[in-house]
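Listed here are the chains, written in short residue letters.
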Amino acid sequence: MIEIRGLTKSFHKHKVLDQIDLTIRKGDIVAVIGSSGAGKSTLLRSINLLEVPDAGTIRLDQLQVDFARKTKADVLELRKSTAMVFQQFNLFRQKTALENVMEGLIVVRKVPKEEARKIAARHLAGVGLSDRMHHYPKQLSGGQQQRVGIARALAMQPKILLFDEPTSALDPELVGEVLDTIRKAAEAGNTMLLVSHEMSFVRKVATRVLFLDQGVIVEDGTPEEVFSRPKSERTKQFLANYYRDQEPEFTI
Amino acid sequence: MPNIFDLELVFTLIPKLLKYLPVTLELTVIAMLAGLLLGLLLAIIKMKRIPVLYQISAVFISFVRGTPILVQLYLSYAGIPLILKYYNYYHETSYNVNSIPSIFYVLLALSLNEAAYNSEVIRAALQSVDKGQIEAAHSLGMTYGQVLRRIILPEAFIVALPTLGNALIGLMKGTSLAFVCSVVEITAQSRILAGNNLRFFESYCSLALIYWAMTILIEQAIALLEKRLDIDFKSLRKRKGDVILD
C-alpha cells in the first residue's frame, strides 16, 4: 500500500503540486489524466524522487519518508521499491536489450549474473522480444525499445510501477504493441500508476482514474464515474474536448 | 664521394635506441593512466562545483595550461627536493633526496600536465551523456558511484576516445623532454650515441623514425578500439556468441 500525504512541489513561484493526498492499494491500476502542465509527471517523478518535493510524506509498506528530511538511504530504498517506464524509453545505449534488463538486477538487487540473465530473458520473452535480446537500443523500433523498458521495470519486481506517458513518443502504429504489453502487466496483478493521454486505453485498463488540474486532484473515481459522470466543470470541459475528437466528423 | 650522410648508420642505430624504448613507454603509460584518473577527478570536481577543491583545481588547470611543459619539468626537478628538505627540517626526518629516482620527477610533471588537459575533455564527454539514461539508472536504485561507473563512463569513454587518443600521442612525444630531469629515454640516448660518433643527423633520423612508427601504431590501436566499441560491431559479435552457446 502506498500513502502520500501533503505532497507539495513548486518550480520557482509556480506551484505544480498542491497538498496532494493519495492512497493506492495493492493491485490498483491508477491512471492520471489531465492537460499538459497539470503536474501529472511531477507527481509520478516525486514518488521515486527524481523530482524532490518541497513537502509531504510517503509511506510504502514499512518505509516511511518525509520529503523535507529525506536521507540518501531513503532515496535508494524508495527507488528500489518502485520502477519507472519513461516517455523517451531511456534505455542504456551501450547495453543490449538483455543487459538493459539485467543491469538493475545485478547492480541493485545483487542477483548472481547467471540467474539475472535467466530472469531478464524470461521478462523479455514476456514482452515478446525473445528474438531481440542481443540487439542494442538503436537497432530496435520505438515500440520494441519501450517494451524493453517495461521488461526492465518489471524485472525489478517493484511494489509499484510508474508509467510516465509511455506511448507519447511513439509512432501511432507502434502504440498498440506497447499498450498490449502494459495491459498484460496490469492483468498480472502489478500495482501501477500511469500517466497517459490514451483515454480509451485508460478507460479499459484502469481500476481508478484521477483527473489532475493545476496541481490538485479534482476528480477521483472509477473510469466509469470519471468518464461518464464527471463531477467538476473542469473535468467535463477536458473530457468534452476528448469526446469531440472521438466523434466522426460527419455521418451518413 | 665523401660519406656526408651515412644512411646505413640510421638503421644500425635504431636497435640501439630501441633498448631505451621501454623507458619512453613506461613514462607514457604511467603518466597517461595517472592523468586519466586525476583528470576524471578534476572533471567531477568541476561538474559538482565542490567548494574549495573547485577553486584549487581551476587555478591548477590555468597554471598548467599557462606554462610550458619544459618549465613544469624544471619546476618538478628543482622543487620536489626543496619540499623534501623542508619536510625533513620540520619533522626531523632524514629522507634522502638522492633516493628518489629521477623518473619520478618526470612522471609527476607529465601526469599533472596530462590531468589538466584531459579534465576538460573528460568533463565534456561526461556531460554529453544524455540525462534520460542517468535518470533511468537512478530510478532503478543505483548510487551515484554505480551510475558513474556502469552507465556514464562507458558512454563518455566512446565520446572522448578520439581526443584522448590524440592526447596519448602528444604525451608519447612529450616524454622526449625527460632528459632535462636526467632520465635517459630514446631522445637522450640518441644524443648520447651522436656524441660518441658525432653523427648527429643520422642519430636524430633514427629517433624520428621511431617516434613516427610509434605514433602510427597508437593511431591504429585507437582506430581498432573505436571499431570494436561500435554498437553494430558489438551486436554482431554478441549474436555470434549466442549461436555458439546454443
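Residues numbered from 1 in each chain as written. Chains lettered and ligands numbered in written order. Predicted model: local features only at pLDDT ≥ 70, side-chain atom pairs only at ≥ 80, totals over all residues. Heavy atoms only, no water.

Trainee: An account of the overall build of chain B is requested, with residue identities and associated values reported.
Mentor: On a plain count of helices and strands, chain B comes out with 10 helices and zero strands. Ordering the α and β elements of chain B from the N terminus gives α-α-α-α-α-α-α-α-α-α. Relative to its length of 246 residues, chain B is extended, with a C-alpha radius of gyration of 23 Å against a globular reference of 18 Å. A principal-axis box enclosing the C-alpha atoms of chain B has dimensions of 75 × 60 × 35 Å. Counting across all 246 residues of chain B, residues that qualify as buried make up 42%. By element, 68% of the accessible surface of chain B is carried by carbon and sulfur atoms, the whole surface being about 13900 Å². If the 21 positive side-chain charges of chain B are averaged to one point and the 17 negative ones to another, these points end up 3 Å apart. (Helix = DSSP H or I, 4+ residues; strand = E, 2+ residues; numbered from the N terminus. Rg over C-alpha atoms; globule rule 2.2 N^0.38 Å. Buried < 20%, exposed > 50% of the residue type's maximum accessible area, 1.4 Å probe, protein only. Areas by Shrake-Rupley, 256 points an atom, 1.4 Å probe, with all protein chains shown as cover. Lys, Arg positive; Asp, Glu negative; His and termini not counted. Charge placed at Lys NZ, Arg CZ, Asp CG, Glu CD.)

Trainee: Explain the overall build of chain A to me, and be specific about the residues and the numbers.
Mentor: Scanning chain A from N- to C-terminus turns up nine helices and 10 strands. Here the C-alpha atoms of chain A give a radius of gyration of 19 Å, agreeing with the 18 Å that 2.2 N^0.38 yields for 252 residues. Considering only C-alpha atoms, chain A reaches an extent of 60 × 55 × 30 Å along its principal axes. Per-residue burial for chain A yields a buried fraction of 56% across its 252 residues. When the accessible surface of chain A is totalled, it reaches about 11600 Å², and 48% of it is carbon and sulfur. A gap of 6 Å separates the mean positions of the 37 positive and 32 negative side-chain charges of chain A.

Trainee: Summarise the pairing of strand E8 (residues 192–195) of chain A; cite the residues concerned and give the values.
Mentor: Residues and elements named next belong to chain A. Burial of E8 is two-sided: the residues Met192 and Leu194 facing one way and the residues Leu193 and Val195 facing the other way are all buried. Looking at chain direction, strand E3 (residues 29–33) and E8 are connected through four bridges and run parallel. Residue pairing for E8: Ile29 is matched across the bridge by Met192. As paired strands, strand E7 (residues 160–164) and E8 are joined by four bridges and run parallel to one another. Residue pairing for E8: Leu161 is matched across the bridge by Met192. (Pairing = 2+ DSSP bridges.)

Trainee: Lay out the interface of chain A and chain B in plain terms, naming residues and giving numbers.
Mentor: One widely used convention gives an interface's size as the accessible area the parts lose upon coming together. Across the boundary between the two partners, chain A contributes 29 residues, which contact 25 residues of chain B. Approximately 2600 Å² of surface area, both sides summed, lies buried where chain A meets chain B, with 55% of it carried by carbon and sulfur atoms. Of all residues in chain A, A:Arg93, A:Gln94 and A:His134 give up the largest surface area on contact with chain B, accounting jointly for 24% of the area buried on that side. Inspection of the region where chain A meets chain B yields nine residue pairs in polar contact (both at pLDDT 80 or more). Of all the elements in the fold, those that place two or more residues in the side of chain A that touches chain B are helix H2 (72–80), strand E6 (82–85) and helix H3 (97–107) of chain A. Of the residues forming the side of chain A that touches chain B, the biggest block, four residues, is contributed by H3(A). Class assignment of the residues belonging to the side of chain A that touches chain B gives a composition of 10 nonpolar, nine polar and 10 charged. (Contact = heavy atoms within 4.5 Å. Buried area = accessible area lost by both parts, 1.4 Å probe. Polar contact = N/O pair within 3.5 Å; in protein donor to acceptor, adjacent residues only side chain to side chain. Nonpolar A, V, L, I, M, F, W, Y, C, P; charged D, E, K, R; others polar.)

Trainee: Which residues make up the UniProt feature "transmembrane region" (unreviewed entry) in chain B, and what values go with them?
Mentor: Residue and element names in this part refer to chain B. UniProt tags residues 20–45, 52–75, 95–113 and 206–225 as "transmembrane region" (unreviewed entry). The annotated region residues 20–45 carries 96% helix and 0% strand content, and the separation between its end C-alpha atoms amounts to 38 Å. Annotated as 88% helix and 0% strand, the span residues 52–75 places its first and last C-alpha atoms 24 Å apart. (UniProt positions renumbered as here; feature names shortened; annotations may be inferred.)

Trainee: So what's going on with the domain arrangement of chain A? Residues and values would help.
Mentor: Residues and elements named next belong to chain A. Segmenting chain A into domains produces domain 1 (24–54 + 162–252) and domain 2 (92–158). Each of domain 1 and domain 2 has a C-alpha centre, and the two are 26 Å apart. Residue-level contacts link 11 residues of domain 1 with 10 residues of domain 2. Approximately 770 Å² of surface area, both sides summed, lies buried where domain 1 meets domain 2, with 67% of it carried by carbon and sulfur atoms. Connecting domain 1 to domain 2 are one salt bridge. A salt bridge links Arg147 to Glu177; the nearest nitrogen and oxygen atoms lie 2.3 Å apart. At the boundary of domain 1 and domain 2, one finds three residue pairs in polar contact (both at pLDDT 80 or more). Examining the composition of the side of domain 1 that touches domain 2, we find that seven residues originate from one element, helix H6 (residues 172–187), more than from any other. (Domains from an automatic or database assignment. Salt bridge = Lys/Arg side-chain N within 4 Å of Asp/Glu carboxyl O.)

Trainee: Outline empty space enclosed by the protein, listing residues and values.
Mentor: Taken as a whole, this structure holds one cavity of 30 Å³ or more when the rule is applied. Considered as a void within the structure, the largest cavity measures approximately 30 Å³ in volume. Lining the largest cavity, in full, are A:Phe92, A:Arg93, A:Gln94, A:Lys95, B:Gln133, B:Arg150, B:Ile151 and B:Glu155. By residue number, the principal contributor to the lining of the largest cavity is helix H7 (residues 144–174) of chain B, which donates three residues. Residues belonging to the lining of the largest cavity are distributed by class as follows: two nonpolar, two polar and four charged. (1 Å grid on protein atoms, 1.4 Å probe; cavity = no way out; pocket = protein on both sides within 12 Å on 5 of 7 lines; lining within 4 Å. Points joined across faces, edges and corners; volume = space filled by probe spheres on them.)

Trainee: Describe the pattern of salt bridges, listing the residues and the values that go with them.
Mentor: Where side chains of opposite charge bring their charged atoms close, a pairing between them can arise. Residues and elements named next belong to chain A. Within the structure shown, the criterion is met by 24 salt bridges over all chains. Residues Lys15 and Asp18 are paired through a salt bridge, measuring 3.9 Å at the closest nitrogen-oxygen approach. Glu233 is the partner of Lys236 in a salt bridge, and the nearest nitrogen-oxygen pair spans 3.7 Å. Of this pair, Lys236 and Glu233 both sit in helix H9 (residues 233–246), separated by three residues, roughly a single helical turn. Judged by relative accessible area, Lys236 falls into the partly exposed class, the value being 36%. Counted as one network, the salt bridges with shared partners bring together Arg25, Asp28, Arg208 and Asp220.

Trainee: Could you give me a rundown of the sheet that holds strand E2 (residues 14–24) of chain A, with the residues and numbers involved?
Mentor: Strand pairing in a sheet relies on backbone hydrogen bonds, with the paired strands running either antiparallel or parallel. Residues and elements named next belong to chain A. The antiparallel open sheet is built from four strands, whose spatial order is E2-E1-E4-E5. Across the chains shown, the open sheet's two edge strands, defined by having one partner strand only, are E2 and strand E5 (63–66). The mean angle between the axes of side-by-side strands here comes to 15°, regardless of whether they run parallel or antiparallel. In terms of strand pairing, strand E1 (residues 2–11) meets E2 through seven bridges, oriented antiparallel. Looking across to E2, one finds that Ser10 is bridged to Lys15. Packing of helix H1 (residues 40–47) onto the sheet brings it into contact with E1, E2 and strand E4 (55–60), and relative to E2 it is tilted by some 60°. (Axes fitted to C-alpha atoms, helices over the stretch in contact; angles between N-to-C directions.)

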